[in-house]
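# Structural overview
The lines below spell out each chain.
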Amino acid sequence: MIQLPKHLIYPEDYDREQEKFSPNYEFIQSLQIDKMVILIKESHRGFNDLKLEDYFTSSPEVLDYRLQVVKDLVENPALYEVFCKSITYIQNIIDMRRAMDSSFSVESSLTSIRYLETYQEIVDLFAEGLKGLTLHSEGLLRFRDGIMAIYEGEEYNNLREELAKMEVRFGSFKSITIGVNLDANMSVKEAGVVSVNEEPFHAGTLMERLLKKNPLDTNSLISPLYPVTKSVHGEELKALNFSVQSALNAIYAKSIRSFGPIIQKYFNVNTSGITALLDDIRFLTAGVKFILSMKELGFPMCCPAIAPVADKKCDLEEVYNPILAEKLIEKTIISNSFTFDENGRFYLVTGPNHGGKSIFAYSVGMAQALFQLGLFVPAKSAVMSPVTGIYTHFPSSDENNYGKGRLESECARLGSIIKQLTDTDMLIMDESFSSTSGLEAGYIASEVLTGIGIIGCGGIYVTHIHDLPQQVDTYNSHPRNKGKIDNLAALMEDKENGVRSYKVVRTKPDGLSYARDIARRYGLDLESICNCSED
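This text gives an overview of the structure that appears in the document. (Residues numbered from 1 in each chain as written. Predicted model: local features only at pLDDT ≥ 70, side-chain atom pairs only at ≥ 80, totals over all residues. Heavy atoms only, no water.)

### Here's the deal with the overall build of the protein
Tallying secondary structure elements over the protein gives 19 helices and twelve strands in all. Burial status across the protein gives 46% buried among its 535 residues. Carbon and sulfur atoms provide 52% of the accessible area of the protein, an area that totals close to 27400 Å². (Helix = DSSP H or I, 4+ residues; strand = E, 2+ residues; numbered from the N terminus. Buried < 20%, exposed > 50% of the residue type's maximum accessible area, 1.4 Å probe, protein only. Areas by Shrake-Rupley, 256 points an atom, 1.4 Å probe, with all protein chains shown as cover.)

### Points about the side chain of Ser58
Among the structural elements, Ser58 can be located in the loop between helix H2 (33-36) and helix H3 (60-75). In this structure Ser58 comes out as buried when scored by relative accessible area, which is 10%. Apart from the residues within four sequence positions on either side, Ser58 is in contact with Glu19, Lys20, Phe21, Val309, Gln372, Pro386, Val387 and Thr388. (Contact = heavy atoms within 4.5 Å.)

### A closer look at the nonpolar core
With 107 residues, the main nonpolar core has Ile33, Phe126 and Phe338 as its most contacted residues. The residues touching Phe126, leaving out its near neighbours within four places in the chain, are Val82, Phe83, Ser86, Phe143, Ile147, Ile274 and Ile281. In this structure, Ile417, Ala441, Ile452 and Val472 belong to the second largest nonpolar core, which totals 22 residues. (Core = buried A, V, L, I, M, F, W, Y, C linked by side-chain atoms within 4.5 Å.)

### Focus on the packing of H3 against helix H12 (residues 278-296)
Two numbers describe how H3 lies on H12: the axes approach to 10 Å, and their chain directions differ by 55°. In this view, H3 runs oblique relative to H12, as classed from their interaxial angle. Between H3 and H12 lies a crossing whose hand is right-handed. Contact residues: H3 offers Arg66, Val69, Val70, Leu73 and Val74, while H12 offers Phe283, Leu284, Val288, Ile291, Leu292 and Lys295. (Axes fitted to C-alpha atoms, helices over the stretch in contact; angles between N-to-C directions. Parallel < 35°, antiparallel > 145°, perpendicular 65-115°, else oblique. Left-handed = near helix turned anticlockwise from the far one by under 90°.)

### Focus: the packing of aromatic side chains
The full count for this structure, using the stated rule, is 18 aromatic pairs. The interplanar angle of 25° and the centroid separation of 6.0 Å between the aromatic rings of Phe21 and Tyr25 together place this pair among those described as stacked. Among the aromatic residues, those joined into a cluster by ring pairs are Phe21, Tyr25, Phe27 and Phe56. Note that Arg66 overlies the ring of Tyr10, its terminal NZ or CZ placed 5.0 Å from the centroid. The positively charged end of Arg345 is found above the aromatic ring belonging to Phe340, 5.0 Å away from the centroid. (Phe/Tyr/Trp six-rings, centres within 6.5 Å; stacked < 30°, edge-to-face > 60°. Lys NZ or Arg CZ within 6 Å of the ring centre and 35° of its normal.)

### Re the packing of H3 against helix H6 (residues 138-151)
Where H3 meets H6, the axes come as close as 7 Å, and the angle between the chain directions of the two elements is 70°. As summarised for this structure, H3 and H6 are arranged roughly perpendicular, according to the angle between their axes. In contact with Tyr65, Val69, Asp72 and Leu73 of H3, H6 contributes Glu138, Gly139 and Leu140. Partitioned by chemical class, the residues of the contact of H3 with H6 number four nonpolar, one polar and two charged. (Nonpolar A, V, L, I, M, F, W, Y, C, P; charged D, E, K, R; others polar.)

### Regarding the pattern of salt bridges
Counted according to the given criterion, the structure contains nine salt bridges. Between Asp315 and Lys313 there is a salt bridge, and its shortest N-O distance comes to 3.4 Å. The partly exposed category is assigned to Asp315, whose relative accessible area is 21%. For Lys313, a relative accessible area of 32% puts it in the partly exposed group. (Salt bridge = Lys/Arg side-chain N within 4 Å of Asp/Glu carboxyl O.)

### As for the sheet that holds strand E3 (residues 305-306)
Across the sheet, which stays open at both edges, the four strands sit in the order E3-E7-E4-E5 with mixed pairing between neighbours. Lying at the two open borders of the sheet, with one neighbouring strand each, are E3 and strand E5 (336-338). Relative to strand E7 (residues 381-384), E3 is paired through two bridges, and the arrangement is parallel. Each bridged residue has a counterpart across the sheet, and for Ile306 the counterpart in E7 is Met384. (Pairing = 2+ DSSP bridges.)

### Notes on H6
For H6, which comprises 14 residues, the first-to-last C-alpha distance of 20 Å matches the rise-based estimate of 20 Å (1.5 Å per residue) to within 8%. Regarding H6, the residues found buried are Gly139, Leu140, Phe143, Arg144, Gly146, Ile147, Met148, Ile150 and Tyr151. (Expected span 1.5 Å × (residues − 1).)

### Observations regarding H12
With 19 residues, H12 should cover 27 Å at 1.5 Å per step; its first-to-last C-alpha distance of 26 Å lies within 8% of that length. Where burial is concerned, most of H12 is hidden: 14 out of the 19 residues are buried.

### What to know about the state of the cysteines
Two cysteines whose sulfur atoms are joined by a covalent bond form what is called a disulfide. Under the criterion given, the structure shown has zero disulfides. For the unlinked cysteine Cys303, the closest cysteine sulfur is that of Cys302, found at 7.4 Å. Relative accessible area serves as the criterion here: at 28%, Cys303 is assigned to the partly exposed category. (Disulfide = S-S within 2.5 Å.)

### Digging into unusual backbone geometry
The phi angle at Lys312 is positive, at roughly 55°, despite the residue not being glycine. Residue Lys312 is classed as partly exposed on the basis of its relative accessible area of 24%. Look at Glu431: it is not a glycine, yet its phi comes out positive at around 55°. Within the element layout of this structure, Glu431 appears in the loop between strand E9 (425-430) and helix H16 (438-455). Since its relative accessible area comes to 15%, Glu431 is described here as buried.

Here it is in structure tokens:
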């Protein structure tokens, strides 16, 4: 029997139970990953509502397998369109499988035949979409081999011939000619089917028929057409329906019985391989849709090179925030470079308000999260190691403050994260401890940063506590330190006019430089004030 791959996004026989990615998925909402990779809810139709958390992985093997499939789809947009179109076909087949049973009444038989037609349509759709393409991914190559084996096989071609030989294509029924006998009271006594027609009847008049205006038009009536449910009631309607159903059963009983074994076989076996891939196809099309939309807007999306987990790499060239880019919030989207190395595993990011610090931190977290889904990342190029968990600690207006102040609640949430952190995780912090005084915030942040250095996790901490960058050497001097902390600063391109460049560079910041620039610009520095007083 021909075998299709079990999955398109996992290597064959991969054991998903061995997955070690963190169970904490708050970052999906905080980094807005669900706004980029949109999984359409289908539970109202009886299908699974896909969840992004089910697709994150820290396995280099899985990421490589999945990225190659994604790359093939990105490089072949027509194949991506085929995959999008296939979703409806597969869902229809699943609906038909649910509706089918072992009895071959007219209704179930019509559904059965339509099911075979739909099966033929989707095999043809995939076969015609896949043949002739230059593919590289193991997943799609194996899928194409399986589809082409079905498409070119004797059994499938026999099915096609049998469907083509049918006297009347069930889907082409347009009308039925009924013979009705009346009793002495002009009520329906007996009824039967005279013929099954491929053309519908249409309203006419007795005069038109008598004058033979259209002698070749045998489907013209001598009266208007009336909705049956409005003009026929009770026993007459039952008699009419029974006559029609009985006649169709008699006419098609032989062909239905001959199709029985074929229908059962395809119902039980042949479509199971395709329907099993529905969720994989839904995920892939959602991810590729996002990638293609960004590329269509002119923004780079790269296929990251995968480094081993132990290498702890995150080398991003010209990474940017895709949410801002997609909404075109800024006229020019600024990109930045970022890297982990032996001198910088966790970074403090400081700089002026609205200088792009938080946007930069989000962009790094977004890139890591998209990579862990096996998708392209928003950068010119990237070399990345999988992490085993992504954690975010961002300001929140809906902190659970019951019985606690805002600072205490904030610390409780970060404390919970710290307990889970390992040296192969990533932590993104944005303005943590901003709800308290500088003195208190500085103390707590210093303790946390020293602890992060001991844990050795990677990440970023955006802060306005300008004393922290001056103490980096102290944090790194702890005897148990496993990951160095370094500084990044958001700088201004034109300090004289206070124009922000949104560029983040690796340097030790001068905490007062921006304040001095702004003071001088608005005449609030001592020299300007003195000059004004002399005037």
